[in-house]
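Observations on the three-dimensional arrangement
Each chain is listed here by its residues.
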Amino acid sequence: MKRTLTILIFTFSLSTAFGQHLYLEKFEGCQLSRFCLDCGETKAQPPNSFADEILKNLDSKSLKKISGSILIQVIVDTLGTPCLLSAKNESNIKTEKLNLKSAIDKTSKWNPAISKENIEKASVSLKLIFENNRLSIERVVFDFNKNTNMKSVGTPDVKGSKSSKLTYSWTVLNQQNSDLPWDMSRAAVTDNDNILWFGTDNGIVKYENETMEVFTCKNTPLKSEKYNKDRTTSIRYAASDRKNNKWFIAGWDVYKYDGATWTVYDSLNSPINWARKIFVDNSNNVWFSSWDGISKFDGEKWSVIDTTNSEIPSNKALGVFVDSKEQIWIGTFDGNIKIDKTNTTKFENSDTPLKSGFITKMQEDNQGNLWFSLYSSDKSKAGMFLLSNDNKWTSLRPKDSELFSKNDINDFLLDEEKQILWVALNSVGLVKYDIKNDAWEVYTPENSSVPSIHVMQLTKDKDGIIWAATFAGIIKLNEK
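Let me begin by describing the structure that accompanies this report. Note that the structure is a prediction, hence the values are computed from the model and not measured.

Take the pattern of salt bridges next. Any two side chains of opposite charge can pair, on the condition that their charged atoms come close. Per the stated rule, a full pass over the model turns up 18 salt bridges. For the salt bridge of Asp-230 with Lys-218, the shortest nitrogen-to-oxygen distance reads 3.5 Å. Of the two residues, Asp-230 sits in strand β16 (residues 228-232) while Lys-218 sits in the loop between β14 (211-215) and β15 (224-225), which places them twelve residues apart along the sequence. Taking the relative accessible area as the measure of exposure, Asp-230 reaches 56% and is therefore exposed. Among the charged side chains, a network of salt bridges with common partners joins Asp-415, Glu-417 and Lys-460.

This is the structure in structure tokens:
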């Protein structure tokens, strides 16, 4: 088979993505830390021998019969090492039979992407076209000036429950049936007036009495996308404090809305620098986890907990929580600590799940029990855990199930009134745990009206209804 080395270019409209599979056929083995979508003033470039190497590495028998095209997503790390992450095969030969994963991964090093003189880990898309015993390669270029609405449904990594066994159904709000400005959504919160707020990839929505009011870069200080001044920066997380201020994380900054005035907190007037999550304690202090440690705002002054003034094991903080005893729990990528006034407890040598699972979120129930979601690269150490008020740990996972065995938890919500734990499990959907009856249900796009495998933030309104932001709209739990 001959090949054409020229890499052609065409545009493909898509919103900016970080750490996402672009195509439904996924492959293991790539390091899925944060990467950017074909970024860089200098783009990642394959070696001149790339096409020849692919042909050499593909299954030789299949090459004699193949025709059609395959879209591939390749991760190129800072050393230039390629790794096939996902694909969309529209050829007449199955991907596995072609030996495509090995063929891509064994090719020579690329020139990596460079932004502002810094080498970046980047995702690159190519279209492999097999026709008349020839291989041609086209590069998929992402044109951020032509962004349109974006949604992601996806195929769940874990099979859901039988539809007949599900106890709830869901209503979906999206661009087709509401004033939602964008289907891809990441944030959901209920304020003190029982008003719902949703953060999308193109604005914030206030939802009251089934009416939506939209806040964007056009009518607020919210910043626009770098490559599209008409589109608002993605809202990644939301919270409401006890004074009914709404807080939103977008881009590198944090925004506060008191119902009349917007305040922007950035690196000029606060320690904020790419915050990850928000937590509001019982004293109305607002806490932010970030890659620069933990920041706290008491309404007037800022303070920081980091490696310079505490025993926190890393500044890359995942989650923060303050319990009813005013103990501060902090999870980082390198371990957890608990600060009780002047005493700090470390857990790396403890006989607890906190030895190797890192806190991403916590919730305390009315009995003083603590509920944890833990992250770990070793998924056997991650998942949902309960620390009872008599200091006993319980791992919460169904027997003989793949749940929590390879997927991270995006969010969880404990509904104490109904004794139900809801877990947003990445690349799966929603998991329901009936605590009283020790019964599990898994809701996915394949067995329910949950529209996406990416369910992000959960909230409960004062009427007891569960809401969630997903990558394909907002969902509302239907009452029985």
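Reading across the sheet, the four strands line up as β10-β39-β38-β37 and stay open at both edges, with antiparallel pairing between neighbours. Each having just a single partner strand, β10 (170-173) and β37 (455-460) make up the two edges of the open sheet. The average angle at which neighbouring strand axes cross in this sheet is 25 degrees, direction not considered. As judged from the four bridges shared by β10 and strand β39 (residues 473-477), these two strands associate in the antiparallel manner. Bridge assignment links Thr-171 to a residue of β39, and that residue is Lys-476.

This part covers the state of the cysteines. Under the defined criterion, the tally for this structure stands at two disulfides. Here Cys-30 pairs with Cys-83 through a disulfide, and the sulfurs are 2.0 Å apart. Where Cys-30 bonds to Cys-83 through sulfur, the torsion about that S-S bond is close to -100 degrees, and the disulfide is left-handed. One end of the pair, Cys-30, is in the loop between β2 (25-26) and β3 (36-37); the other, Cys-83, is in strand β5 (residues 82-91), and 53 residues separate them in sequence. There is no split in this pair, since Cys-30 and Cys-83 are both buried. The disulfide partner of Cys-36 is Cys-39, and the S-S distance across this bridge is 1.7 Å.

Of all ten residues in β5, seven are buried, a share of seventy percent or more. Taken together, the two bridges between β2 and β5 define a ladder with antiparallel strand orientation. Bridge pairing in β5 places Glu-25 opposite Ala-87. Two elements, strand β4 (residues 68-76) and β5, share nine bridges in a ladder whose sense is antiparallel. Its bridge partner being in β5, Ile-70 is matched across the sheet by Asn-89. Taken together, β4 and the strand that follows it, β5, pair antiparallel across an intervening segment of five residues, in which Gly-80 is found at a positive phi of about 90 degrees.

Next up on the list: the environment of Asn-111. Tracing the backbone through its elements, the reader meets Asn-111 in the loop between α4 (100-105) and β6 (113-115). Judged by relative accessible area, Asn-111 falls into the exposed class, the value being 54%. Beyond its immediate chain neighbours, meaning those up to four positions away, Asn-111 contacts Lys-43, Ala-44 and Gln-45.

Calculation criteria
Residues numbered from 1 in each chain as written. Predicted model: local features only at pLDDT ≥ 70, side-chain atom pairs only at ≥ 80, totals over all residues. Heavy atoms only, no water. Salt bridge = Lys/Arg side-chain N within 4 Å of Asp/Glu carboxyl O. Helix = DSSP H or I, 4+ residues; strand = E, 2+ residues; numbered from the N terminus. Buried < 20%, exposed > 50% of the residue type's maximum accessible area, 1.4 Å probe, protein only. Pairing = 2+ DSSP bridges. Axes fitted to C-alpha atoms, helices over the stretch in contact; angles between N-to-C directions. Disulfide = S-S within 2.5 Å. Contact = heavy atoms within 4.5 Å.

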